[in-house]
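Inside the fold
Given next are the chains, with one letter for each unit.
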Amino acid sequence: MRSTTATTIKTAPSVAFDAMADARNEIHWNSQVSESELIGEEPIAEGSEFRTVNRGKAYSAVITTFDRAKRLAFEVSGSAMDISATFAFEPIDDGVSLRGEFDMRPKGIMPLMLPLMGPKVRKDLAAQSRSFATFCERVVDVGRDLDRGLGDLAQLFRGALRTQIVHVRRNL
């Protein structure tokens, strides 16, 4: 089953790209993901692998395309299905246009169920896309506040602090 999403995000393409490339962020914007960890070392780049738990099922996600701020792709493998996910980031006047393309290849009994679940899957993907946009916009807001308050020091550590910033903001 194939599906696409499109959303506009009020942030720089590089911010949205970095937030999507680091799949550890998914726990903050995808309500179905309960765990996500980087397997291996930073920096995140083509070949980086993540282990996630989505709807109680473990998945492995590997970055297969990493063209910063332009194009990002993951190959996702799990017991229920494999997914190819590609994201295109296009700069626009007020931020970035993000288009996601998903090719879901169900396994086991899932090929029988997925066509029936298609409308719900598409609705969930659209909701996740909106949630991702909100997540990115909040990261930028907090980052801007830090930049104003801490100047060059905030710029230097902004990338390293991004996850902690989101965590603190969510708990305020």
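Here, every reference points to the structure presented above.
Predicted model, so just to flag it, every value in this text is computed and none were measured. (Residues numbered from 1 in each chain as written. Predicted model: local features only at pLDDT ≥ 70, side-chain atom pairs only at ≥ 80, totals over all residues. Heavy atoms only, no water.)

Points about a nonpolar patch on the surface
Selection criterion: Here the term patch refers to residues with relative accessible area over 30% and no salt bridge, with like charges joined within 9 Å and nonpolar side chains (Val, Leu, Ile, Met, Phe, Trp, Tyr) within 5 Å. Method for areas: the Shrake-Rupley scheme with a 1.4 Å probe, in which residue coverage is limited to the protein chains shown. Just to be clear on terms, a salt bridge is a Lys or Arg side-chain nitrogen sitting within 4 Å of an Asp or Glu carboxyl oxygen. Segments assigned H or I by DSSP are reported as helices when at least four residues long, segments assigned E as strands when at least two residues long, and all are numbered from the N terminus. Burial here depends on accessible area, computed with a 1.4 Å probe over protein chains only, as a share of the maximum for the residue type. Under 20% is buried, over 50% is exposed, and the range in between is partly exposed.
Together, Ile109, Leu112, Met113, Leu116 and Met117 make up an exposed nonpolar region whose accessible area comes to about 550 Å². With respect to the helices and strands, the residue leucine 112 is situated in helix H3 (residues 110-150). Of the residues examined, leucine 112 reaches a relative accessible area of 66% and is grouped as exposed.

Structural notes on the pattern of salt bridges
Taken as a whole, this structure holds 12 salt bridges when the rule is applied. Between aspartate 103 and arginine 2 there is a salt bridge; the shortest N-O distance is 3.8 Å. Here aspartate 103 is found in strand E7 (residues 95-106), whereas its partner arginine 2 is found in strand E1 (residues 2-9), with 101 residues between them in sequence. Looking at aspartate 103, the relative accessible area reads 19%, which means it is buried. Note that arginine 99 is salt-bridged to glutamate 101, the shortest N-O span being 3.3 Å. Relative accessible area serves as the criterion here: at 39%, glutamate 101 is assigned to the partly exposed category. Each of the salt bridges in this network shares a partner with another, and the network as a whole consists of Arg2, Glu75, Asp103 and Arg105.

Notes on the packing of aromatic side chains
Our working definition: The pairing test for Phe, Tyr and Trp rings, Trp by its six-membered ring, is centres within 6.5 Å, and the orientation test on the planes gives stacked under 30 degrees, edge-to-face over 60, and tilted for anything in between.
This structure, assessed with the given rule, holds 4 aromatic pairs. Aromatic pair phenylalanine 17 and phenylalanine 66: ring centres 5.0 Å apart, planes at 75°, arrangement edge-to-face. Taken together, the residues phenylalanine 17 in helix H1 (residues 13-21) and phenylalanine 66 in strand E4 (residues 57-67) connect sequence positions 49 residues apart. Taking the relative accessible area as the measure of exposure, phenylalanine 66 reaches 26% and is therefore partly exposed. An aromatic cluster is defined as three or more aromatic residues linked by ring pairs; in this entry it consists of Phe17, Phe66 and Phe89.

Quick notes on the nonpolar core
This is how the line gets drawn: Throughout, nonpolar core names a set of buried Ala, Val, Leu, Ile, Met, Phe, Trp, Tyr and Cys residues whose side chains join them through atoms within 4.5 Å. The contact criterion used is simple: two residues touch if any of their non-hydrogen atoms lie within 4.5 Å.
Ranked by internal contacts, the top residues of the largest apolar core, which has 35 residues, are Ile9, Met20, Leu72, Phe74, Phe87, Phe89 and Phe132. At the level of secondary structure, the elements contributing two or more residues to this core comprise H1, E4, strand E5 (71-78), strand E6 (81-92), E7 and H3. It is H3 that contributes the most residues to this core, 8 residues altogether. Sequence-distant contacts of phenylalanine 132, defined by excluding residues within four places in its chain, comprise Ile9, Ala16, Ala19, Met20, Trp29 and Leu98.

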